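Notes for the structure review
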Amino acid sequence: MFGSKKTIDHGSNHTLISRGTRIVGDIHFAGELQIEGQVIGNVIAEGNNDARLVIADKGLVEGEVRAPSAVINGNVRGDVRSTKHLELASKSVIQGNVYYKIIEMVKGSQVNGNLVHFDETADNTNKVESIDVAKNKPASSAV
């Protein structure tokens, strides 16, 4: 009763942002989040390593996406970071960099940015910085 300590299982949380819904601001979630509408802000999984994000074919996120597992079939205008499994379905369009550990891309999916493999044993900070430096560096002419 009062004062009892209970652990909350975030893995059973299911949240739906339905079509016709537009959210402006960051979303921090646990469990499963399904986006069929629009989110203008970052979408970030909190705490639980079992969090899962699903962006439906009409779904749109304008901001950064961070989730251990994600299935994207809609549009993302920002970077995507997945530490477990990322699935890009046939209608997915990502305008930003994709950082992944395991990726599954279906025919028709689009990534307009860099694909960077996430390796927990390596320092990816240098890899990401070197990509940005290379993009801004003028091409040398061959003599």
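Focus on the overall build of the protein chain
Across its full length, the protein chain holds 1 helix and 18 strands. Relative to all contacts within the protein chain whose residues are 6 or more apart in sequence, the contacts with residues 24 or more apart total 6%. Just so you have it, the protein chain exposes about 8,800 Å², and 50% of that area is on carbon and sulfur atoms.

Considering the nonpolar core
If you look at the biggest cluster of nonpolar residues, it comprises 23 residues, and the most contacted ones within it are Phe29, Ile35 and Leu53. Of all the secondary-structure elements, those providing two or more residues to this core are β3 (27–29), β4 (32–35), β6 (43–45), β7 (52–55), β10 (69–72), β13 (85–88) and β15 (98–100). In contact with Ile35, not counting residues within four places along its chain, are Ile17, Val43, Leu53, Val54, Ile55, Ala56, Gly59, Leu60 and Val61.

Focus: the pattern of salt bridges
Enumeration according to the criterion identifies 8 salt bridges in this entry. Salt-bridge contacts for Asp57 lead to Lys91; the nearest nitrogen and oxygen are separated by 3.7 Å. One end of the pair, Asp57, is in the loop between β7 and β8 (60–62); the other, Lys91, is in the loop between β13 and β14 (93–94), with 34 residues separating them in the sequence. Since its relative accessible area comes to 28%, Asp57 is described here as partly exposed. Taking the shortest distance from any N to any O, the salt bridge between Arg81 and Glu64 comes out at 2.7 Å. You can see Arg81 sitting in strand β12 (residues 80–81) and its partner Glu64 sitting in the loop between β8 and β9 (65–66), a full 17 residues away along the chain. Several salt bridges share partner residues, and in doing so they unite Glu64, Arg66, Asp79 and Arg81 into one network.

A word on the packing of aromatic side chains
Under the defined criterion, the tally for this structure stands at 0 aromatic pairs. One residue, Arg81, lies across the ring of Tyr99, its end atom 4.2 Å from the ring centre.

Re the pairing of β13
Only one face of β13 is buried, namely the one carrying Leu86 and Leu88, since none of His85 and Glu87 on the opposite face is buried. Pairing geometry for β10 and β13, over 4 bridges, is parallel. The residue bridging Val71 from the neighbouring strand is Glu87, located in β13. Note: β13 against strand β16 (residues 102–105), 4 bridges, orientation parallel. When the sheet's bridge partners are listed, Glu87 is paired in β16 with Glu104.

Topic: the sheet that holds β10
One open sheet holds the 6 strands; their spatial order is β1-β4-β7-β10-β13-β16, and the pairing between them is parallel. This sheet does not close on itself; its edge strands, each paired only once, are β1 (14–17) and β16. Here the strands of the sheet are splayed against their neighbours by 10° on average, with no regard to which way each runs. Sheet analysis places β4 next to β7, joined by 4 bridges and oriented parallel. Each residue of the ladder has a partner; that of Gln34, found in β7, is Val54.

Some remarks on the sheet that holds β12
Sheet architecture is open: 6 strands sit in the order β3-β6-β9-β12-β15-β18, paired in parallel fashion. Only two strands of the sheet have a single partner each, and these edge strands are β3 and β18 (115–117). Pairing geometry for β6 and β9, over 2 bridges, is parallel. When the sheet's bridge partners are listed, Ile44 is paired in β9 with Arg66.

Scoring rules and cut-offs
- Residues numbered from 1 in each chain as written.
- Predicted model: local features only at pLDDT ≥ 70, side-chain atom pairs only at ≥ 80, totals over all residues.
- Heavy atoms only, no water.
- Helix = DSSP H or I, 4+ residues; strand = E, 2+ residues; numbered from the N terminus.
- Contact = heavy atoms within 4.5 Å.
- Areas by Shrake-Rupley, 256 points an atom, 1.4 Å probe, with all protein chains shown as cover.
- Core = buried A, V, L, I, M, F, W, Y, C linked by side-chain atoms within 4.5 Å.
- Buried < 20%, exposed > 50% of the residue type's maximum accessible area, 1.4 Å probe, protein only.
- Salt bridge = Lys/Arg side-chain N within 4 Å of Asp/Glu carboxyl O.
- Phe/Tyr/Trp six-rings, centres within 6.5 Å; stacked < 30°, edge-to-face > 60°.
- Lys NZ or Arg CZ within 6 Å of the ring centre and 35° of its normal.
- Pairing = 2+ DSSP bridges.
- Axes fitted to C-alpha atoms, helices over the stretch in contact; angles between N-to-C directions.

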